[in-house]
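Analysis of the macromolecular model
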Amino acid sequence: MTDLPGVRECLGAWLAAFNAKDIESLMSLYDPESSYAGARTPLMSGIDEIRACYERAFPQVTGTLMFKEEAVFEQESMALIYGSFYFKPDADVDEPGTTGRVAIVYRRAGDGSWKLLFDMDNSAPDVAPKDFL
């Protein structure tokens, strides 16, 4: 059974929670065995480590994270979405923002929902803010 709309819905919920800095909603989207490999952070494993990272970062986060899907795959209880991202700073911030690529693996939970299992992002020389206009 394919459920690509469900996978995309989970990603959309993640983006909304991140942009709202809603830590509880954000963490509810993670699988208990989640790992995060950020371009500027050490590898984190488990919801507790990932939560601590976002709790430290959110007070400094100003702007909006945007995502453009490049491909999505699903097979049984696993799915992968990858694409480009742009962290657009607020209008009153004088900086270009951050761009890159991200690959996100989801695992279907026992209740049928999708949970974020692995997230890896990087800086990519071929992704630019203009790609999101």
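Structural notes, computed from the coordinates. Computed from a predicted model, the values in this text were never measured in an experiment.

Let's shift gears to the environment of R101. On the secondary structure map, R101 appears in strand β5 (residues 98-108). Through-space distance from the C-alpha of R101 to that of V61 is 19 Å; in sequence the pair is 40 residues apart. Among all residues touching R101, those that are not within four sequence positions of it are E70, G83, S84, F85, M120, D121, N122, A124, D126 and V127. There is a polar contact of 2.9 Å between the side chain of R101 and the side chain of E70.

Under the defined criterion, the tally for this structure stands at zero disulfides. The thiol of C10 is unpaired, and the distance to the nearest cysteine sulfur, on C53, comes to 18 Å. Accessibility expressed as a relative area gives 7% for C10, which makes it buried. On the basis of relative accessible area, C53 is assigned to the buried category, the value being 12%.

A word on the sheet that holds strand β3 (residues 64-75). Strand pairs in the sheet, formed through backbone hydrogen bonds, run parallel or antiparallel to each other. Strand order in this open sheet of six strands is β2-β1-β6-β5-β4-β3, and the pairing throughout is mixed. Either end of the sheet is taken by a strand with one partner, and the two such strands are β2 (44-45) and β3. This element, helix α3 (residues 47-57), spans β1 (30-37) and β2 of the sheet and lies at about 55 degrees to β1.

The rules behind the values
- Residues numbered from 1 in each chain as written.
- Predicted model: local features only at pLDDT ≥ 70, side-chain atom pairs only at ≥ 80, totals over all residues.
- Heavy atoms only, no water.
- Helix = DSSP H or I, 4+ residues; strand = E, 2+ residues; numbered from the N terminus.
- Contact = heavy atoms within 4.5 Å.
- Polar contact = N/O pair within 3.5 Å; in protein donor to acceptor, adjacent residues only side chain to side chain.
- Disulfide = S-S within 2.5 Å.
- Buried < 20%, exposed > 50% of the residue type's maximum accessible area, 1.4 Å probe, protein only.
- Pairing = 2+ DSSP bridges.
- Axes fitted to C-alpha atoms, helices over the stretch in contact; angles between N-to-C directions.

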